[in-house]
Amino acid sequence: MRYWRKPLDIEGLKIPRGNIQILKERCKGCGFCVEFCPQHVLEVSEEFNSKGYHPPYVKDGDGCVSCGLCEMLCPEFAIYRLEEEREVQVL
Amino acid sequence: MEPERHPMDDLLREDRLPHIWCSGCGIGTAVTCFISALLKSGLDLDKVAVVSGIGCTGRVAGYIKLDSFHTTHGRAIAFATGLKLANPELKVVIFSGDGDLIAIGGNHFIHAARRNIDMTVICVNNFNYGMTGGQVGPTTPVGARTTTSPYGCFEHPFNIPYLAAASGAVYVARWTMLHVRRLERSIGEALAKRGFSLVEVIAPCPTNYGRRQRRRTGLDSLKYYHQKGVIKHGANPRDVDIDLDGEIIEGVFVDIEKPTFSDFCQEGLSRAMGNRGP
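Conventions used here
- Residues numbered from 1 in each chain as written.
- Chains lettered and ligands numbered in written order.
- Predicted model: local features only at pLDDT ≥ 70, side-chain atom pairs only at ≥ 80, totals over all residues.
- Heavy atoms only, no water.
- Helix = DSSP H or I, 4+ residues; strand = E, 2+ residues; numbered from the N terminus.
- Rg over C-alpha atoms; globule rule 2.2 N^0.38 Å.
- Buried < 20%, exposed > 50% of the residue type's maximum accessible area, 1.4 Å probe, protein only.
- Contact = heavy atoms within 4.5 Å.
- Areas by Shrake-Rupley, 256 points an atom, 1.4 Å probe, with all protein chains shown as cover.
- Lys, Arg positive; Asp, Glu negative; His and termini not counted.
- Charge placed at Lys NZ, Arg CZ, Asp CG, Glu CD.
- Salt bridge = Lys/Arg side-chain N within 4 Å of Asp/Glu carboxyl O.
- Pairing = 2+ DSSP bridges.
- Axes fitted to C-alpha atoms, helices over the stretch in contact; angles between N-to-C directions.
- Polar contact = N/O pair within 3.5 Å; in protein donor to acceptor, adjacent residues only side chain to side chain.
- Nonpolar A, V, L, I, M, F, W, Y, C, P; charged D, E, K, R; others polar.
- Expected span 1.5 Å × (residues − 1).
- Phe/Tyr/Trp six-rings, centres within 6.5 Å; stacked < 30°, edge-to-face > 60°.
- Lys NZ or Arg CZ within 6 Å of the ring centre and 35° of its normal.

Draft legend 1. Region of interest: the overall build of chain A. Each helix and strand in chain A was counted, giving two helices and four strands. Taken from the N to the C terminus, the helices and strands of chain A come in the order β-α-β-β-α-β. Here chain A has a C-alpha radius of gyration of 16 Å; the compact-globule value for 91 residues is 12 Å, and the former is much larger. Seen through its principal axes, chain A has C-alpha atoms that stretch 55 × 20 × 15 Å. A total of 91 residues make up chain A; the buried ones form 43% of that total. Taking the contacts inside chain A whose residues are at least 6 apart along the sequence as the reference set, 65% of them involve residues at least 24 apart. Here chain A has roughly 5500 Å² of accessible surface; of this, 53% comes from carbon and sulfur atoms. Looking at charge distribution, chain A has the averaged site of its 12 positive side-chain charges lying 3 Å from that of its 15 negative ones.

Draft legend 2. Here's a closer look at the overall build of chain B. Summing up its helical and strand segments, chain B has nine helices and ten strands in all. Over its C-alpha trace chain B gives a radius of gyration of 19 Å, about what one expects of a compact globule, namely 19 Å for 278 residues. In terms of overall dimensions, chain B has a C-alpha envelope of 65 × 55 × 35 Å along the principal axes. Every one of the 278 residues in chain B was classed for burial, and the buried ones make up 54%. For chain B, contacts bridging at least 24 residues in sequence account for 67% of all contacts bridging at least 6. Here chain B displays about 12300 Å² of accessible surface, and carbon together with sulfur accounts for 52% of that area. Each charge class in chain B was averaged separately, 31 positive and 28 negative side chains, and the resulting centres sit 4 Å apart.

Draft legend 3. Inspection of the pattern of salt bridges at higher detail. For the structure on display, the rule yields 21 salt bridges over all chains. Two residues, E184(B) and R181(B), come together in a salt bridge whose shortest N-O distance is 3.6 Å. Of this pair, E184(B) and R181(B) both sit in helix α7 (residues 180-192), three residues apart, roughly one helical turn. When the shortest N-O distance is used, the salt bridge between K193(B) and D255(B) registers 2.6 Å. With K193(B) in the loop between α7 and β8 (196-202) and D255(B) in strand β10 (residues 248-255), this pair connects stretches of sequence that are 62 residues apart. By relative accessible area, K193(B) is classed as buried at 9%. Put simply, R17(A), D62(A) and E84(A) are held in one network by salt bridges that share partners.

Draft legend 4. Region of interest: the sheet that holds strand β7 (residues 171-176) of chain B. Residue and element names in this part refer to chain B. Strand order across the open sheet formed by eight strands is β2-β1-β3-β4-β8-β7-β10-β9, with mixed pairing between neighbours. Each edge of the open sheet is held by one strand with a lone partner, namely β2 (67-70) and β9 (229-231). Mean inter-strand twist for the sheet, computed between neighbouring axes without regard to direction, equals 20°. Of the strand pairs in this sheet, β7 and β8 are connected by six bridges, and their pairing is parallel.

Draft legend 5. Structural context of the interface of chain B and chain A. On the chain A side, the residues contacting the 32 residues of chain B number 26 residues. Summed over the shared surface of chain B and chain A, the result is one salt bridge. For the salt bridge of D9(B) with R26(A), the shortest nitrogen-to-oxygen distance reads 3.1 Å. Along the contact surface separating chain B from chain A lie ten residue pairs in polar contact (both at pLDDT 80 or more). The set of elements that each furnish at least two residues to the side of chain B that touches chain A consists of α1 (27-41), α7 and α8 (218-228) of chain B. In terms of residue count, α1(B) provides more of the side of chain B that touches chain A than any other element does, six residues in total. Within the side of chain B that touches chain A, the residues separate by chemical class into 15 nonpolar, ten polar and seven charged.

Draft legend 6. Geometry of the environment of V51(B). Residues and elements named next belong to chain B. Checked against the element boundaries, V51 lands in strand β1 (residues 48-52). Residue V51 is classed as buried on the basis of its relative accessible area, which comes to 0%. For V51, the residues in contact, after removing those within four places along its chain, are F69, T71, A76, F79, A80, L83, V92, V93, I94 and F95.

Draft legend 7. Molecular detail of α1(B). All names here are of chain B. Compared with the 21 Å implied by 1.5 Å per residue over 15 residues, the 21 Å span of α1 between its first and last C-alpha is a close match. Counting buried positions along α1 gives twelve out of 15 residues, so the element sits mostly inside the fold. Of the residues one or two after α1, G42 is the one with positive phi, at around 75°.

Draft legend 8. Molecular detail of the packing of aromatic side chains. Residues and elements named next belong to chain B. Across all of its chains, the model carries six aromatic pairs over all chains by this definition. Ring plane angle 75° and centroid distance 5.1 Å describe the contact between W21 and Y63, whose orientation is recorded as edge-to-face. Residue W21 is found in the segment before α1, and its partner Y63 is found in helix α2 (residues 60-63); the two are separated by 42 residues along the sequence. For the pair formed by W21 and Y63, the shared burial category is buried. A ring pair is formed by F127 and Y209, whose centres lie 5.5 Å apart and whose planes are at 35°; its orientation type is tilted. Here the residue F127 occupies a position in the loop between β4 (119-125) and β5 (128-129), and Y209 occupies one in the loop between β8 and α8, the gap between them amounting to 82 residues. The exposure class assigned to F127 is buried, which follows from its relative accessible area of 7%. Positioned above the aromatic ring of Y224 is the side chain of R215, whose terminal nitrogen or guanidinium carbon lies 4.1 Å from the ring centre.

No statement about biological role is implied by the geometric values presented.
Here it is as structure tokens:
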């Protein structure tokens, strides 16, 4: 996307971004986070945890906008995010 | 590098995790929403007590690191009433299932609502007795197959919001556990409300209920909630029955103001005893 000018308040603007952390040993592989992530950031992995479930992994970390839905929806307290910010880039 | 720690671990008894709830169960999400609402409400956590009965949801009191009370079957509200009367400063939250609160504890439920005792009830409804093997419960919809109704349930179920509203609750809401943000906000409102507030949380039970209604996993139930959940704030609780595979009407149905039991107690006692009173 091309802007015809640089927005005046660009210094004050930040894009929220979540750094997703997954506690693999707590996961029971229900798949709620994978199914309902609005940005399709997560994916079920091939690896097993010690209970034999497939925990999710972060497929596309740049897509995360730190909405926190996965954190709220997880019944196992196994996923959370560290909030980060990203600069707005003008192309 | 710091050890990996979930932000809610401060309010969870970590040594007991992972919890016993099955993969795809919705109770954990209800607990997450409750903890999140509690943290946002700004209540003094030393003055919050969680009371649970028996059953899968009855385990919640054992996992939350607050003053918690795991009581006998169906008597969560009875114990909570005693707790509230003995220490009126406490914010008492009852976290239990439909089998515990509405079946064996049904009378405690309606009478606590009638007296309008200042407490918050979070009732996780999974439509059956999950822990004991999936028997017919008081909320099982007509036609639902369970272990004790192999030809479909022949009984009319309780409509929990209608029951609570008719008994005199001041705040009645229903959400599925898929609508996490709305559920969180509703629990926050219920915590802030003076009087008997009820939040019904519809949760999947893939192991015992969903499996027999062709919703084999928790994810299947969540997709069903996503398709059939209808938000209608202020709907008449009379009309919010849940049918098998039918629409699930959600929202805040009742939000009124009414003097509570402790208000009447204080007023009556001070009138009767003058300055000799408590």
